[in-house]
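Remarks on the overall topology
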Amino acid sequence: MEERRLGPVVGLGTWNTFDSDRGTAREVVGAALEAGTRVLDSSPMYRSAEASLGAALEGRRERAVVATKIWADSAEGGRRQYEAQRRFFGRVEIEQIHNLSAWQDQLRWLEEEREAGRIDSLGVTHYSPSAFDELARALRTGAFQTVQLPLNPLERECERELLPLAAELGVAVIIMRPLGGFGSGLASRGVPADALRELGVESWAQALSKWALSDERVDLVIPATTRPERARENARAGEPPFFDDSQRRLVERLAGT
Ligand SMILES: NC(=O)c1ccc[n+]([C@@H]2O[C@H](COP(=O)([O-])OP(=O)(O)OC[C@H]3O[C@@H](n4cnc5c(N)ncnc54)[C@H](OP(=O)(O)O)[C@@H]3O)[C@@H](O)[C@H]2O)c1
């Protein structure tokens, strides 16, 4: 398979953060793009997040890479979602099959769209380790260029099989929940200032994103936020230098593992 590395870089998630207030979404997208963020992740599953993201991209679509998803139990339902994604100004760069939903059925028509040049990359996602065996089977078809998985110091199951497999196949790895997930509290944990100095970061949230990006098999983290200043702060976690092994261990200890 052709090698498709994306990173290491920081993108932006939209789950639970872009579905209530379009003004906030536009400000957060503006701050993220100004800070150099390119990949914006969404899904039809995230209520009105795709609509907010589409509106937020008006006038600046060319600066973004849209990574969204198909989440439907039939090819017809998937095609309807794809039609609605014309809101991204006629193009989706990374189209992912959300939670492996009817993935063989979706893959047939998505491959045609990719071959016709309307999609750059196909991806597949799942949040649960109970689905990782099936995710591995999907990757082994060779049909996917990206995979989206959870990874943070408290959720490391993908390290066992999926990260090595993605590296072997040349599949780009997108990390959901890099800050521990929406509402988990991991990102807001108090951490001593001298530990942050030792890590060379401004904040604990940056340490968490950088921890994931410091695994060479990881391409992209997509932290979500409702706050423009945090979109800027998170983007700076994509700047080198990345952590060495002892700095990664320090982050793990600070996270309580
Ligand atoms: N395919 C799937 O099954 C799946 C599942 C889950 C997620 N995802 C994708 O992955 C993205 C990220 O995952 P996630 O949203 O669950 O979790 P996350 O990005 O790990 O955490 C988001 C939480 O962190 C807070 N936060 C963001 N930046 C911060 C900072 N600098 N300092 C302190 N707190 C900060 C946010 O609150 P504030 O708004 O207050 O900043 C929000 O509550 C999602 O948005 C979605 O695009 C995909």
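Everything discussed here concerns the structure shown above.
Model, not experiment: these values are computed from the prediction.

Attention now moves to the overall build of the protein chain. When helices and strands are tallied, the protein chain shows ten helices and eight strands. A principal-axis box enclosing the C-alpha atoms of the protein chain has dimensions of 55 × 40 × 30 Å. Intrachain contacts of the protein chain at a sequence separation of at least 6 include 78% that bridge at least 24 residues. Surface accessibility of the protein chain: about 11,200 Å² in total, with carbon and sulfur atoms responsible for 46%.

To continue, consider the site of the ligand. Near the ligand there are 30 residues, and of these Asp41, Leu179, Thr225, Thr226 and Arg230 occur at the shortest range. Taking threonine 14, its main chain carries an N or O atom lying 3.2 Å from an oxygen atom of the ligand. Contact distances for the ligand include 3.2 Å between a nitrogen atom and a side-chain N or O atom of threonine 125. Structurally, the ligand is housed in the largest pocket. Counting residues per element, the shell around the ligand draws most heavily on helix α9 (residues 228–235), at three residues. When its residues are assigned to classes, the shell around the ligand shows twelve nonpolar, twelve polar and six charged.

We now examine the packing of aromatic side chains. Using the criterion set out here, one finds four aromatic pairs in the structure. Ring plane angle 45° and centroid distance 6.2 Å describe the contact between tryptophan 15 and tyrosine 46, whose orientation is recorded as tilted. Of the two residues, tryptophan 15 is situated in the loop between β1 (9–10) and α1 (22–34) and tyrosine 46 in the loop between β2 (39–41) and α2 (49–56); the sequence distance between them amounts to 31 residues. On the basis of relative accessible area, tryptophan 15 is assigned to the partly exposed category, the value being 40%. Ring pairing ties together the aromatic residues Trp15, Tyr46 and Phe182, which thus form one cluster. In this structure, lysine 210 packs its charged tip against the face of phenylalanine 242, placed 5.5 Å from the ring centre.

Another point: the environment of serine 20. Looking at where serine 20 falls in the secondary structure, it is placed in the loop between β1 and α1. Looking at serine 20, the relative accessible area reads 69%, which means it is exposed. In the structure, serine 20 is positioned 29 residues away from alanine 49 in sequence and 8.0 Å away in space, judged by C-alpha atoms.

Within this model, the largest pocket holds a volume of roughly 820 Å³. If you trace the largest pocket, you find 35 residues lining it, with Trp15, Gly181, Phe182, Gly183 and Ala224 closest to the centre. Here the element with the most residues in the lining of the largest pocket is α9; it accounts for three residues. Of the residues belonging to the lining of the largest pocket, the class tally is 14 nonpolar, 15 polar and six charged. Estimates place the volume of the second largest pocket at around 180 Å³. Taken together, Arg79, Tyr82, Glu83, Gln85, Arg86, Gly90, Arg91, Val92, Trp109, Glu113 and Arg118 make up the lining of the second largest pocket.

Criteria and thresholds
Residues numbered from 1 in each chain as written. Predicted model: local features only at pLDDT ≥ 70, side-chain atom pairs only at ≥ 80, totals over all residues. Heavy atoms only, no water. Helix = DSSP H or I, 4+ residues; strand = E, 2+ residues; numbered from the N terminus. Contact = heavy atoms within 4.5 Å. Areas by Shrake-Rupley, 256 points an atom, 1.4 Å probe, with all protein chains shown as cover. Near = heavy atom within 4 Å. Polar contact = N/O pair within 3.5 Å; in protein donor to acceptor, adjacent residues only side chain to side chain. 1 Å grid on protein atoms, 1.4 Å probe; cavity = no way out; pocket = protein on both sides within 12 Å on 5 of 7 lines; lining within 4 Å. Sits in = over half its atoms within 2 Å of the grid points. Nonpolar A, V, L, I, M, F, W, Y, C, P; charged D, E, K, R; others polar. Phe/Tyr/Trp six-rings, centres within 6.5 Å; stacked < 30°, edge-to-face > 60°. Buried < 20%, exposed > 50% of the residue type's maximum accessible area, 1.4 Å probe, protein only. Lys NZ or Arg CZ within 6 Å of the ring centre and 35° of its normal. Points joined across faces, edges and corners; volume = space filled by probe spheres on them.

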